[in-house]
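# Understanding the architecture of this molecule
What follows is each chain in one-letter form.
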Amino acid sequence: MIARKLGFDLKNIDYGLIKKRNNTAIFVLGLLFSIFFWVFISFVILWLMKIPFEINGVTRESSEIEYHNFMMTFTAVFGAFLLIFLIGFIIGLSKKPKDFIVISKDINLNKIYLIHYKKNRDAIIIGDSLFLYNRFTNGYEIIKNIEKINELKSKYLFWERWEDIEKYKITDKAKKTILKFKIEDGGIVFKYRYSFNKSSSNIPFKISESVEKIASRNNIGTNFNTYYFYDINRKNDLKLPEVVAKVLAADY
């Protein structure tokens, strides 16, 4: 079992708050900045060293006006792109993670998962019931189908998908542990990678996730997320939406 090998089990969390930050845009901006930076530096070095090169099929010397105009235009354009990428990267890093999952228990000690899975949309799991709550309309839908509930758990409670994984790789490094595995679904292979910073606490403070989608051996997208864990197993007072609380009270 993966949890036993890792030395902690996220299913043992009875209370807590998990925040999430999507780092995909940050990664893309950082990659673009690195590519443009090295191209920019290469041409600046050529300019400073006055090395001749071909422009529109004609070799130009550093003393020629065409050489000078090209370099001025090139550095101005690439410099502007570098600045845009850098500003976007810094803004992305400065954004605080958003509330994603609240874990609690009701008065009967049934575990509650409240998942902010979309804007103005919450999924509330209590026992064998799933409430899909719309914060904008104050409406809800109740789902009792266990398969659908387990499917939603596997999608958003990422540690739920670890249970049935038979082939995986765990790598221990000096300051962190890395977990890797693959899942195939409908002809698409999902490659998961989780990185845990080692700490004295049973539950890591932060878990980094990357999910690579592969179809026909081609990468069709990669997502990068970071999950932050707060107030783990410290009792909280989770207030459910009134319409949901009324349904639960009637059931009991």
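Here the structure is shown first, and the text comes after it.
## Some thoughts on the overall build of the chain
Across its full length, the chain holds five helices and 13 strands. Against the compact-globule benchmark of 18 Å for 252 residues, the chain has a radius of gyration of 25 Å, which places it well outside the compact range. Residues classed as buried in the chain amount to 35% of the 252 residues present. Of the contacts made within the chain by residues no fewer than 6 positions apart, 49% connect residues no fewer than 24 positions apart. Working note: accessible area of the chain is about 16,000 Å², and carbon and sulfur atoms make up 55% of it. With 39 positive and 26 negative side-chain charges, the chain shows a spacing of 4 Å between the two charge centroids.

## Quick word on the environment of arginine 234
Its location among the elements puts arginine 234 in the loop between strand S13 (218-230) and helix H5 (242-251). Taking C-alpha positions, arginine 234 is 8.3 Å from aspartate 14, a pair spaced 220 residues apart along the chain.

## Side note on the packing of aromatic side chains
Per the stated rule, a full pass over the model turns up 28 aromatic pairs. Between phenylalanine 33 and phenylalanine 37, the aromatic rings sit 6.0 Å apart at their centres with planes inclined by 20°, giving stacked as the arrangement. Highlighted residues: phenylalanine 33 and phenylalanine 37, both in helix H2 (residues 24-48), separated by four residues, approximately one helical turn. Assessed through its relative accessible area of 25%, phenylalanine 33 is described here as partly exposed. With 6.0 Å between their ring centres and 90° between their planes, tryptophan 162 and phenylalanine 196 make a pair best called edge-to-face. With tryptophan 162 in the loop between helix H4 (146-156) and strand S9 (168-172) and phenylalanine 196 in strand S11 (residues 188-197), the pair connects residues that are 34 residues apart, well separated along the chain. We note that tryptophan 162, like phenylalanine 196, is buried. Lying over the aromatic face of tyrosine 230, lysine 19 brings its terminal NZ or CZ to 5.3 Å of the ring centre.

## Regarding the sheet that holds S11
The strand order S8-S7-S6-S5-S4-S1-S13-S12-S11-S10-S9 describes an open sheet built from eleven strands, whose pairing is antiparallel. Of all strands in the sheet, those with a lone pairing partner are strand S8 (139-143) and S9, marking the two edges. Between one strand axis and the next, the sheet turns through 20° on average, direction left out of account. This element, H2, spans strand S1 (16-22) and S13 of the sheet and lies at about 120° to S13.

## Some words on a negative patch on the surface
On the surface, a cluster of negative charge is made up of Glu147, Glu151, Glu184 and Asp185. When residues of the negative patch are traced back to their parent elements, those giving at least two are H4 and strand S10 (176-185). Here glutamate 184 shows up in strand S10. A residue is classified by how much of its surface remains accessible, and glutamate 184, at 63% relative accessible area, is exposed.

Here is what the cut-offs are and how they apply
Residues numbered from 1 in each chain as written. Predicted model: local features only at pLDDT ≥ 70, side-chain atom pairs only at ≥ 80, totals over all residues. Heavy atoms only, no water. Helix = DSSP H or I, 4+ residues; strand = E, 2+ residues; numbered from the N terminus. Rg over C-alpha atoms; globule rule 2.2 N^0.38 Å. Buried < 20%, exposed > 50% of the residue type's maximum accessible area, 1.4 Å probe, protein only. Contact = heavy atoms within 4.5 Å. Areas by Shrake-Rupley, 256 points an atom, 1.4 Å probe, with all protein chains shown as cover. Lys, Arg positive; Asp, Glu negative; His and termini not counted. Charge placed at Lys NZ, Arg CZ, Asp CG, Glu CD. Phe/Tyr/Trp six-rings, centres within 6.5 Å; stacked < 30°, edge-to-face > 60°. Lys NZ or Arg CZ within 6 Å of the ring centre and 35° of its normal. Pairing = 2+ DSSP bridges. Axes fitted to C-alpha atoms, helices over the stretch in contact; angles between N-to-C directions. Patch = residues over 30% accessible without salt bridge, like charges linked within 9 Å, V, L, I, M, F, W, Y side chains within 5 Å. Salt bridge = Lys/Arg side-chain N within 4 Å of Asp/Glu carboxyl O.

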